[in-house]
Amino acid sequence: MATIIKNGLIITDSESYQADILIEGEKISLIGKDLNTSGQHVIDATGKYVLPGGVDVHVHLDLPMFGTVSSDDHYTGMKAAAFGGTTSVIDFIPQDLSPLRANIEAWQAKAAPKAAVDYGFHMNITRLNEQVKKEMAVLPEEGITSVKVFTAYNGRLRLQDGEIFQVMRVARELGILTMMHAENGDVIDLLIAEALAQGKHSPEWHARTRPSWGAVESVLRGEALAAQTDAMLYIVHMNVAGEVDQLEYGRSKGLHVMGETCPQYLFFTEEDLKRPDGSKWICSPPMRAIEDNQRLWEGISKGSIQVVSTDHCPFYFNGAQPIEYEGKMVAIPGKELGKGDFTQIPNGLPGVGDRMPVMWSYGVNTGKLSMQQFVALHCTNPAKVFGLYPRKGAILPGSDADIAIWDPQKEVRYGVKVAQHRTDYNLYEDWMLKGFPETVLLRGEVIVNGKEWLGKPGKGQYLKRSLPKML
Ligand code: URP
Ligand code: ZN
Ligand code: ZN
């Protein structure tokens, strides 16, 4: 049976209009006024907004780190995403194995049976040689049209500048996107050693040993390498005002550079790391200052930053204490691993389910973003940049029927009990939100109906992505 979404206000990245949506199979087949409902399953969206399902291009599911693993796997993280209105995610594959294809197969074996929404992959390139450069050709064949490189995490994930230059050259030849984690790994390592030697072990030292200027110069370094290789560059998890300046500078020079920020960098600062439970806010790169929050807000509202993602990489605050998840008690070691030593605190935060409701309440409702900008930043732009548009991120005939029916009047006291992440805390505990997804469809099937979960592991499809697009 076909489905009709009736009487909703459709919000796209460029307009809002009242219309009905006919869904046949997995696709939107028709959009129009007063569509005939006889014989159809009708979803009444009177008084509601109808948004494209969100696209979160930066998540880390089931990621081994610091002797533990990010606590959301490809089922629990994607379920949480769906409850927050997000129907597609892109996860990162670590480069642990050789050849590159073996990493893809291993990650796919973990993800496919569990996936609850549609998903794609980026490939981390953290070791480079001639063989790896040749093997990168396999990536676009597999629909992986972006690679991530790091200028930090020395001895673990970092590539040297000359290696990043070579990755960019190959990426340019293949037409794929280079994503960059921009911090100064050498300075960070020196400052960490000094802090530890001086007995400075508390969480705020995580931020103090990762100076903002390292991110700023690293973005410029990335842009210089992109300029010299004519590569397309995307700066991930921007957290510093100066990065926005550098991105605007690079774009003003005609470079093919884009960037994302994440909600945590818009709302929190280094001061949050000083709380008694400060380890909850530990992620890399770290929280900064109010001036940085403000400049990042300006960046997303002006369009110099194209995407809001989450860098969802949750850990329990107290992984010794099990929590109930779908009727079972589950404990996964987390932030307590670094009690008394900030360098041992797993880096990362929950966020995939928070992104859209929090940004709606504190972006749209405060007038910082229009509804169209909200859709652009959370749905359409990420789909366009990462080769998923118009299948994803759009409400158009022929697009996948991934839809979030949004209740703009719904008020929610948010927090860990509402968010569906598999962790024991939420950064937005007790925040009052207004505007929340009520019904979420994935390729025409209702997977979230109010508080009810109708999704299933394995229902999410792997997204073979097209080549990236410059915005
Ligand atoms: O702290 C974070 N963000 N962990 C995930 C790894 C990364 O660099 O994105
Ligand atoms: Zn990163
Ligand atoms: Zn990340």
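Remember, it's a predicted structure, so these values are computed and weren't measured experimentally.

Reading the values: rules and limits
Residues numbered from 1 in each chain as written. Chains lettered and ligands numbered in written order. Predicted model: local features only at pLDDT ≥ 70, side-chain atom pairs only at ≥ 80, totals over all residues. Heavy atoms only, no water. Near = heavy atom within 4 Å. Polar contact = N/O pair within 3.5 Å; in protein donor to acceptor, adjacent residues only side chain to side chain. Areas by Shrake-Rupley, 256 points an atom, 1.4 Å probe, with all protein chains shown as cover. 1 Å grid on protein atoms, 1.4 Å probe; cavity = no way out; pocket = protein on both sides within 12 Å on 5 of 7 lines; lining within 4 Å. Sits in = over half its atoms within 2 Å of the grid points. Domains from an automatic or database assignment. Buried area = accessible area lost by both parts, 1.4 Å probe. Salt bridge = Lys/Arg side-chain N within 4 Å of Asp/Glu carboxyl O. Nonpolar A, V, L, I, M, F, W, Y, C, P; charged D, E, K, R; others polar. Axes fitted to C-alpha atoms, helices over the stretch in contact; angles between N-to-C directions. Helix = DSSP H or I, 4+ residues; strand = E, 2+ residues; numbered from the N terminus. Parallel < 35°, antiparallel > 145°, perpendicular 65-115°, else oblique. Left-handed = near helix turned anticlockwise from the far one by under 90°. Contact = heavy atoms within 4.5 Å. Donors = N, O, S within 2.8 Å, 3.2 Å for Na, K, Ca; no water. Tetrahedral: all angles 85-135°; square planar, octahedral: opposite > 155°, others 65-115°. Buried < 20%, exposed > 50% of the residue type's maximum accessible area, 1.4 Å probe, protein only. Expected span 1.5 Å × (residues − 1). Arc of directions from axis to C-beta.

(A) Summary view of the site of ligand 1. What surrounds ligand 1 is a group of 13 residues, the closest being K148, H181, S284, D311 and N347. One of the backbone nitrogen or oxygen atoms of S284 is found 2.7 Å away from an oxygen atom of ligand 1. For ligand 1, a nitrogen atom lies 3.1 Å from a polar atom in the backbone of N347. Protein contacts shield 96% of the accessible area of ligand 1, which totals 270 Å² for the unbound molecule. In this structure the site holding ligand 1 corresponds to the largest pocket.

(B) Molecular detail of the domain arrangement of the chain. Assigned domains within the chain: domain 1 (3-51 + 394-409 + 432-453) and domain 2 (53-385). Of note, the centres of domain 1 and domain 2, computed from C-alpha atoms alone, are 30 Å apart. Of the roughly 2,200 Å² buried between domain 1 and domain 2, counting both surfaces, carbon and sulfur atoms make up 65%. It is D13, W406 and W453 that lose the most area in domain 1 upon contact with domain 2, and together they represent 29% of the buried surface on that side. Viewed at the interface, domain 2 and domain 1 are joined by two salt bridges. Linking D13 and K384 is a salt bridge whose minimum nitrogen-to-oxygen distance equals 3.7 Å. Our count for the contact surface shared by domain 1 and domain 2 stands at eight residue pairs in polar contact (both at pLDDT 80 or more). Class assignment of the residues belonging to the side of domain 1 that touches domain 2 gives a composition of 16 nonpolar, five polar and eight charged.

(C) Spotlight on the packing of helix 12 (residues 355-364) against helix 13 (residues 371-385). In the contact formed by helix 12 and helix 13, the axes pass within 11 Å of each other and the chain directions differ by 150 degrees. Our classification of the angle between helix 12 and helix 13 gives roughly antiparallel. Our pair here, helix 12 against helix 13, has a crossing hand that is right-handed. Residues R355, M356, M359, W360 and V364 of helix 12 form the contact with helix 13, whose participating residues are M371, F374, L377, H378 and C379. When its residues are assigned to classes, the contact of helix 12 with helix 13 shows eight nonpolar, one polar and one charged.

(D) Main features of the environment of I23. Tracing the chain through its elements places I23 in strand 2 (residues 16-24). Separated by 20 residues in the primary sequence, I23 and T3 have C-alpha atoms spaced 5.1 Å apart.

(E) Molecular detail of the coordination of the zinc ion (ligand 3). Taken together, H58 (NE2), H60 (NE2) and D311 (OD) make up the protein donors of the zinc ion (ligand 3), found 2.0 to 2.1 Å from the metal. Coordination geometry of the zinc ion (ligand 3): the four donor atoms subtend angles of 87 to 133 degrees at the metal centre, consistent with an arrangement described as tetrahedral. Donor residues for the zinc ion (ligand 3), ordered by position in the chain, follow H-x1-H-x250-D. A spacing of 3.9 Å is found between the zinc ion (ligand 3) and the zinc ion (ligand 2). Linking H60 in the loop between strand 6 (54-59) and strand 7 (64-65) with D311 in the loop between strand 15 (307-308) and strand 16 (323-325), this pair joins segments that are 251 residues apart in sequence. Like H60, the residue D311 is buried in the burial classification.

(F) Layout of helix 6 (residues 185-197). The first and last C-alpha atoms of helix 6 sit 18 Å apart over 13 residues, in line with the 18 Å expected at 1.5 Å per residue. Within helix 6 the residues assigned to the buried category are G185, I188, I192 and A195. The buried residues of helix 6 occupy one face: seen down the axis, they fall within an arc of 90 degrees. Facing away from the buried surface of helix 6 by more than 90 degrees, the exposed residues are L190 and A197. Among the residues of helix 6, the N-terminal cap falls to N184, whose side-chain oxygen and the backbone nitrogen of D186 are separated by 3.1 Å.

(G) Layout of unusual backbone geometry. Residue P99 follows S98 across a cis peptide bond; omega there is 0 degrees. A cis geometry characterises the amide bond from Y389 onward to P390, with omega recorded as 5 degrees. Mapped onto the secondary structure, P390 falls in the loop between helix 13 and strand 18 (403-413). You will see that F66, though not glycine, has its phi angle at about 55 degrees, which is positive. Mapped onto the elements, F66 comes out in the loop between strand 7 and strand 8 (68-69). Residue classification places F66 among the partly exposed positions, given a relative accessible area of 29%. With phi around 45 degrees, E326 is a residue other than glycine that occupies positive phi space. Note that E326 resides in the loop between strand 16 and strand 17 (328-330).

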